[in-house]
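Residue-level structure breakdown
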Amino acid sequence: MSDDRDPRSDDLDWIPMSGDADDGTADGLADGEQVQGHAVIPASASLPERLYLLPIHNRPFFPAQVQPLVINRERWSETIERVANTPHDTVGLAFVGEAGVEELSHEDFPTIGTAVKAHKLQGEDNQIQFIAQGVRRFKIERWLSRTPPFLVEVSYPREPVDAEEDETRAYAMALINGIKELLPINPLYGEELKHYLNRFSPHEPGPLTDFAAAITSAQGQELQDVLATLPVVPRMQKVLPLLRKEIEVAQLQSEISEQVNAQMQERQREFFLREQLKVIQRELGISKDDRENDVDTFRARLEGREVPERVQERIDDELAKLSVLETGSPEYGTTRNYLDWLTAMPWGQRSQDQLDLGHARQVLDRDHDGLTDVKERIVEFLAEGTFKGDVGGSIVLLVGPPGVGKTSIGRSIAEALGREFYRFSVGGMRDEAEIKGHRRTYVGAMPGKLVQALKEVEVENPVIMLDEIDKMGQSFQGDPASALLEVLDPEQNVDFLDHYLDVRLDLSKVLFVCTANTLDSIPPALLDRMEQIRLSGYIAEEKQAIARNHLWPKLLKRDNIPKKRINLTAAALRQVVEGYAREAGVRQLEKQLHRIVRKAAVKLLENDQATVKVSLKNLEEFLGAPLFRKEKVMKGQGVVTGLAWTSMGGATLSIEAGKVHGLDRGFKLTGQLGDVMKESANIAYSYVQGHLTEYGADAGFFDASFVHLHVPEGATPKDGPSAGVTMTTALLSLARHQSIERNLAMTGELTLTGQVLPVGGIREKVIAARRSDIFEVILPEANRRDYDELPEYLKDGMTVHFADRYKDVAKVVFG
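For the structure given in this document, a descriptive report is provided here. Just so you know, the residues in each chain are numbered from 1, in the order the chain's sequence is written. Local features in this predicted model are restricted to residues whose pLDDT is 70 or higher, and side-chain atom pairs enter the listing and the counts only when it is 80 or higher, whereas totals over whole chains, interfaces and linings include all residues. Note: side-chain values were computed over all heavy atoms of the structure, leaving out hydrogens and water.

A count of helical and extended segments in the protein chain gives 26 helices and 26 strands. For every residue, the accessible area obtained with a 1.4 Å probe (protein chains only) is divided by the maximum for its type, and the residue is called buried under 20%, exposed over 50%, and partly exposed between those limits. For the protein chain, the residues scored as buried account for 48% of the 815 residues in total. Considering only contacts within the protein chain whose residues lie at least 6 apart along the sequence, 75% involve residues at least 24 apart. When the accessible area of the protein chain is evaluated, it comes to approximately 40000 Å², of which 47% is carbon and sulfur surface. Secondary structure elements are taken from DSSP: a helix is a run of H or I of four residues or more, a strand is a run of E of two residues or more, and numbering for both begins at the N terminus. In this description, contact between two residues means that some pair of their heavy atoms is separated by no more than 4.5 Å. Reported accessibility uses the Shrake-Rupley method at a 1.4 Å probe radius. Residues are deemed covered only where the shown protein chains occlude them.

Right under this line is the structure:
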């Protein structure tokens with residue numbers, strides 16, 4: 001059986017019962033006979049001694065309660081039929097809680113229930129409806145049927161009460177006052193309940209208590225406890241807290257409703273007032289709608305700006321179009337966004353350049369140690385702009401290995417000029433629309449990065465950095481590198497056309513600074529438009545200065561550690577540079593210094609030390625064993641040190657030539673060599689074979705020698721022509737049976753006729769030689785100019801021999 005309706009809903013009748021059968025007696029029972037300590041009312045025609053039981057689940061049914069009930073026809077139809085055939089039409093309702101219908105047994109039924117009269121039985125679909133009128137509590141004395149239909153013998157306990165006692169009257173008055181207090185604050189209780197409440201009085205406390213319990217929303221088990229309590233005073237004591245709790249919940253609900261209603265009313269009031277204000281202002285001609293506000297906003301942006309005539313015509317056309325569109329139409333939003341971008345461009349707005357070479361030198365020296373030649377190149381660039389009156393329209397390309405400070409140099413250039421700075425990376429960019437924008441016909445169309453940059457910096461002449469320009473990609477969406485040709489060409493970018501704006505922009509005032517690690521992947525047409533400045537990396541002394549003046553103070557400041565608390569000695573710093581961070585840049589050096597700071601912070605906190613000293617003795621406690629050892633220059637017959645250039649900087653390259661056996665002639669190459677390097681090795685082999693006697697070697701040495709030429713570190717790919725001279729010297733050393741005992745390195749490309757051709761990366765190669773404590777090198781004669789341009793601190797202590805032909809190299813090496 002189920003109770004689907006709220007017993008306190010407005011459409012239900014609650015009829016208090018006066019209990020007029022309490023005073024009667026029945027056959028077979030003496031008046032006042034006790035059942036389990038309580039007086040009982042014997043069975044009569046209206047109160048049968050046998051009752052069929054129906055279970056209810058939501059909450060117990062009280063006497064003095066009238067409520068429609070709906071039960072399952074299939075499960076309880078037989079019970080209802082038997083009840084209908086009785087002369088009294090009475091059925092017992094018992095609260096069984098959450099017990100399921102299928103698992104229901106007689107043990108789930110409580111001892112105390114309520115006998116009800118069943119009125120107006122109706123069957124509909126799979127349900128039976130009737131109106132239950134509560135009559136009296138019953139007590140189960142004996143089970144006659146333990147399976148449906150459940151049948152029990154019952155008794156009707158009296159409710160012992162002295163209605164005239166002061167305590168009873170006091171509780172009754174408290175209940176009446178509580179019910180009256182509850183009625184006005186809970187809309188669930190209708191006006192008819194007030195009428196029924198007037199029929200109760202303190203002289204009938206039993207029905208009053210049941211009524212008070214029935215109108216609460218207490219849990220079913222709590223109400224069953226009330227139903228099973230027969231003495232009225234204890235029952236009142238249980239009901240009164242439930243009623244007070246109901247009043248508190250109703251008051252809280254009422255307060256919440258009042259707050260919500262107040263907020264709603266305030267918003268409605270504000271809405272109506274605003275609407276009225278708009279109407280009044282519109283009637284008086286002092287108001288503008290959203291469309292007029294947008295038009296005025298866009299016109300106000302253009303005040304004081306030098307908008308080109310054609311652009312102004314486009315803006316006027318779009319504003320006229322906007323003024324006739326409905327604000328809710330999609331086209332209005334598209335046109336508004338377009339005007340938002342078009343009027344946000346800094347037409348004619350430029351910042352004043354600070355063409356002060358002294359200020360530029362100060363900024364560059366403050367932000368960067370070393371890089372003297374790069375700084376001079378930038379100062380020359382600014383000096384040229386001073387005479388020209390403008391440094392715009394130039395494209396600077398900073399090329400160098402990672403971590404040498406290319407991006408920070410771009411920022412320093414902007415600060416030295418007093419210009420706005422904007423940086424975005426083009427590495428991995430595959431869509432040319434990122435450069436030139438989307439066409440407005442697409443949903444979600446946006447301008448390109450350059451238009452976004454101008455909008456953000458709000459001037460026409462910023463410094464815009466295009467980072468990682470050597471890492472752009474290509475896809476079916478276009479070639480962004482080709483799209484950059486129009487941007488970076490000073491002859492074309494005066495009339496740069498963004499697809500979204502669809503008007504000409506002048507980018508000739510912009511100073512573009514690009515960065516790249518290598519030049520190989522940059523298209524030649526794009527590279528031709530740039531002015532290259534190479535950053536070759538730092539030697540050990542420069543790295544120490546950078547760490548001491550920039551990296552170390554920055555790390556301590558970032559972690560909020562006072563400088564005095566961590567003492568890093570100069571010897572330890574030099575060992576960090578030489579033993580843990582030998583790359584061309586300083587990124588790895590910064591990571592190692594950060595490791596020292598972290599471990600020192602742990603020591604400061606755990607050991608409660610005042611300071612931590614990092615010296616050469618305890619450096620391995622912070623960084624572990626050195627990653628690099630002091631490289632020994634390889635020596636011996638057929639062993640020569642060459643100089644190589646890599647994208648990470650310069651490196652020394654040992655080349656070994658050895659005789660395997662004298663059974664027959666042959667030549668073998670190993671060492672992960674590229675095609676160009678293999679060609680250099682074959683040229684060297686052929687050249688040495690043809691000039692053995694000229695260089696004092698046995699003319700038949702290679703006729704009976706199987707020679708193996710190897711370049712160590714075979715896991716590293718190596719390619720390039722600059723090892724030709726070194727390979728030739730290694731083969732000649734093997735043929736002459738003469739080793740090179742001094743620290744000597746060389747580089748240069750060799751032709752089949754013995755000419756030494758120039759190579760690139762002279763700065764990086766000289767730095768690599770100094771890093772390995774090699775201070776004597778052989779360079780091609782054609783690279784003399786490159787060497788002369790090196791800063792003095794790189795040339796200090798170096799002995800350099802310049803060779804035009806290989807005989808010049810042999811004279812230096814073998815005497």
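A word on unusual backbone geometry. In this chain, P148 is followed by P149 through a cis amide linkage whose omega measures -5°. Within the fold, P149 resides in the loop between β7 (127-145) and β8 (151-157). Despite not being glycine, D773 shows a phi value in the positive range, around 60°. Here D773 lies in the loop between α23 (762-771) and β25 (776-780). On the accessibility criterion, D773 (35% relative accessible area) is partly exposed.

What follows is about the pairing of β7. Strand pairing is assigned whenever DSSP identifies at least 2 bridges connecting the two strands. Of the pairings in the sheet, the one linking strand β4 (residues 66-72) to β7 comprises seven bridges and is antiparallel in character. Of the residues in β7, the one forming a bridge with V66 is Q133. Relative to β7, strand β6 (residues 112-124) runs antiparallel, the two sharing 11 bridges. Across the sheet, residue A115 finds its bridge partner in β7, namely R136.

So, on to the pairing of strand β9 (residues 395-399). For β9, the tally of buried residues reaches five of five residues, placing the bulk of the element in the interior. Burial along β9 is two-sided: the residues I395, L397 and V399 and V396 and L398 are all buried. Bridge count between β9 and strand β14 (residues 511-516): five bridges; the pairing is parallel. For L397, the partnering residue across the bridge sits in β14 and is C514. Looking at chain direction, β9 and strand β15 (residues 531-534) are connected through four bridges and run parallel. Bridging from a neighbouring strand, V396 pairs with E531 of β15.

Pairing of aromatic side chains here covers Phe, Tyr and the six-membered ring of Trp, requires ring centres within 6.5 Å, and sorts the geometry by plane angle: under 30 degrees stacked, over 60 edge-to-face, intermediate tilted. Applying the stated criterion across every chain yields a total of 14 aromatic pairs. Between the aromatic rings of W76 and F150, the centroid separation amounts to 6.2 Å while the plane-to-plane angle is 40°, which identifies the pairing as tilted. Note that W76 is positioned in helix α1 (residues 73-84) and F150 in the loop between β7 and β8, a separation of 74 residues in sequence. Their ring planes at 75° and their centres at 5.8 Å tell us that Y687 and Y806 sit as a pair that is edge-to-face. On the criterion of sequence distance, the pair formed by Y687 in helix α21 (residues 675-690) and Y806 in helix α26 (residues 806-814) is long-range, its members being 119 residues apart. This pair shows no difference in class: Y687 is buried, exactly as Y806 is. Put simply, the rings of W76, F109, W143 and F150 touch in pairs and so form one group of aromatic residues. By definition here, charges over rings are those cases where NZ of Lys or CZ of Arg is within 6 Å of the ring centre and within 35 degrees of the ring normal. The ring of W76 carries the charged tip of R75 above its face, separated from the ring centre by 5.6 Å.

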